[in-house]
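# Observations on the model geometry
Below, each chain spelled out in residue letters.
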Amino acid sequence: MSWLEPEPFLRGTAWRDGDRPVRADPADLERLPWDTAERAALPIGVRVEFRARPGTSAVELRYRAAVPAAGDELRALRHVFALWQDGRCVTEVFAEPAEEATVRLRLPPGGGEFTVHLPEAQAPVIRGVRAVGGALAPAAPRPRWLVHGDSITEGWWSTRPAHSWPAAAGRALGLDPVNLGYAGGARGELPLAEQLSRLPGELITLAFGTNCWDRAPATPEWLHATVLAYVRLIRRGHPRTPLLLVSPVLRPAAEHTRNALGATLTELRRAMERAGRELAARGDDRLLLLPGRPLLGPEHLADGLHPNDEGHARMARSVAAALRTAGVLPLPGR
């Protein structure tokens, strides 16, 4: 069986830089902070989705990835390809980062629709897809969900990419999540709002604010104004797209501790939620607010900041429930 072009099989993609999926507009990187631009080069949340005919025994992916040098701390990260079907992991294959390699994942009998969650740390690029003993076709497209946030959205401390809360909620809702989470970032950078306004999508979620407590200290007044401006810029390209605003989840060390400008995370969270309520009161009936503080308890945090797998699962369930209850979920094919 000959190799098929990978593009029709890829999901969770935002922009392209040559043959690489990237998570910020490559023509607009100079306006972004360097750390955000650096994180955007990683293909977080990018997946291969396909339908296999009965009798197809395996799928092969040809890929290239960065090869960490000896002594590089990233060398210890497992390079794993995870095959999922019907909301569960069927198998995992561990491989080595390589400039050119092929990985084979065996399929269960009977065919059906599958997702391969790719490793992320070494920025793998899929070069080809092919069936073993049968035939493959790209999975049907699903509504695109643009999910912007920080390291929590990026999936930190989930044990696999498939366990991050955007990935889990996307499976539950039948959406194509596009992970625009940037570890250390999501500090209200307005150029990112402009990029989001130009990116096609049927649903948008904004889940940021915790890095406005310490990495780039903010006041409640600043964050309130920034949220208003952020949504206003997004609405230039998405005037009627459902938009869910999620305020910061629990961060025990920051809840009542003042940052360099005298603000606690509790105060910043309230400012963000107040901005969301004001936008809705001004007539944005497609804007939803999900307060983040009740979503997690201390037992759901791996390190006092990032959720563990159960924390990511709880966030996914809460976000999915909020979207279902509001009745704003886009329909396939819309």
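Overview of the structure. In this text the structure is predicted, and so the values were computed from the model without any measurement.

All right, on to the overall build of the chain then. Helix and strand content of the chain: seven helices and 16 strands. In terms of overall dimensions, the chain is globule-like: its C-alpha atoms have a radius of gyration of 20 Å, near the 20 Å expected for 334 residues. Seen along its three principal axes, the alpha-carbon backbone of the chain occupies a region of about 60 × 50 × 40 Å. Burial status across the chain gives 56% buried among its 334 residues. Sequence separation of at least 24 residues holds for 78% of the intrachain contacts in the chain that already meet a minimum separation of 6. Of the roughly 14,100 Å² of accessible surface on the chain, a fraction of 53% belongs to carbon and sulfur atoms. If you average the places of the 42 positive and of the 38 negative side-chain charges in the chain, the two averages end up 5 Å apart.

This paragraph deals with the packing of aromatic side chains. Per the counting criterion, the structure on display carries four aromatic pairs. Pairing Phe50 with Phe114 gives two aromatic rings, centres 5.6 Å apart and planes at 25°, and the pair type is stacked. Of this pair, Phe50 sits in strand β4 (residues 47–52) while Phe114 sits in strand β9 (residues 112–117), placing them 64 residues apart in sequence. A relative accessible area of 0% places Phe50 in the buried class. Residue Phe114 is classed as buried on the basis of its relative accessible area of 1%.

Further remarks concern the nonpolar core. If you look at the biggest cluster of nonpolar residues, it comprises 37 residues, and the most contacted ones within it are Leu180, Leu206, Phe208, Val227, Tyr230 and Ile234. Listing elements by their share of this core, those giving two or more residues are β13 (176–181), α4 (190–198), β14 (203–207), α5 (220–237), β15 (243–246) and α6 (265–281). Looking at this core element by element, the count peaks at seven residues for α5. If we ignore the near neighbours within four places in the chain, the residues touching Val227 are Phe208, Leu245, Met272, Ala275 and Leu279.

Here we take up the sheet that holds strand β5 (residues 58–64). Reading across the sheet, the three strands line up as β8-β5-β10 and stay open at both edges, with antiparallel pairing between neighbours. Strand pairing shows two members of the sheet lacking a second neighbour, β8 (101–106) and β10 (125–132), which therefore form its edges. Mean inter-strand twist for the sheet, computed between neighbouring axes without regard to direction, equals 20°. In this sheet, β10 lies alongside β5 in antiparallel orientation, the contact comprising seven bridges. When the bridges of β10 are listed, Arg62 appears paired with Gly128.

All right, on to the environment of Phe114 then. Taking C-alpha positions, Phe114 is 42 Å from Thr266, a pair spaced 152 residues apart along the chain. If sequence neighbours within four positions are ignored, Phe114 has contacts with Val48, Glu49, Phe50, Ala52, Leu83, Trp84, Gln85, Leu107 and Pro108.

Another point: the packing of helix α3 (residues 165–173) against helix α7 (residues 309–326). Between α3 and α7, the shortest axis-to-axis distance is 8 Å and the interhelical angle comes to 45°. The angle between α3 and α7 falls in the class oblique. As for how α3 packs across α7, the hand of that crossing is right-handed. Within the contact between the two elements, α3 uses Trp165, Ala168, Ala169, Ala172 and Leu173 and α7 uses His312, Met315, Ala316, Val319, Ala320, Leu323 and Arg324. Its residues assigned to classes, the contact of α3 with α7 shows ten nonpolar, one polar and one charged.

Moving on, we come to α4. Residues Pro191, Leu192, Ala193, Gln195, Leu196 and Ser197 constitute the buried set of α4. Close packing links the buried residues of α4 with β2 (15–17), α1 (34–40), β12 (144–149), β13, β14 and α5.

Another point: the side chain of Arg47. Secondary-structure assignment places Arg47 in strand β4. A polar contact of 3.1 Å, which involves the side chain of Arg47, links it to the side chain of Glu49. Within the local environment of Arg47, its side chain forms a polar contact with the backbone oxygen of Pro177, the two atoms lying 3.2 Å apart. Not counting the four nearest positions on each side in its chain, Arg47 is found in contact with Phe9, Leu10, Arg11, Gly12, Thr115, Val116, His117, Arg142, Asp176 and Pro177.

Definitions and cut-offs
Residues numbered from 1 in each chain as written. Predicted model: local features only at pLDDT ≥ 70, side-chain atom pairs only at ≥ 80, totals over all residues. Heavy atoms only, no water. Helix = DSSP H or I, 4+ residues; strand = E, 2+ residues; numbered from the N terminus. Rg over C-alpha atoms; globule rule 2.2 N^0.38 Å. Buried < 20%, exposed > 50% of the residue type's maximum accessible area, 1.4 Å probe, protein only. Contact = heavy atoms within 4.5 Å. Areas by Shrake-Rupley, 256 points an atom, 1.4 Å probe, with all protein chains shown as cover. Lys, Arg positive; Asp, Glu negative; His and termini not counted. Charge placed at Lys NZ, Arg CZ, Asp CG, Glu CD. Phe/Tyr/Trp six-rings, centres within 6.5 Å; stacked < 30°, edge-to-face > 60°. Core = buried A, V, L, I, M, F, W, Y, C linked by side-chain atoms within 4.5 Å. Pairing = 2+ DSSP bridges. Axes fitted to C-alpha atoms, helices over the stretch in contact; angles between N-to-C directions. Parallel < 35°, antiparallel > 145°, perpendicular 65-115°, else oblique. Left-handed = near helix turned anticlockwise from the far one by under 90°. Nonpolar A, V, L, I, M, F, W, Y, C, P; charged D, E, K, R; others polar. Polar contact = N/O pair within 3.5 Å; in protein donor to acceptor, adjacent residues only side chain to side chain.

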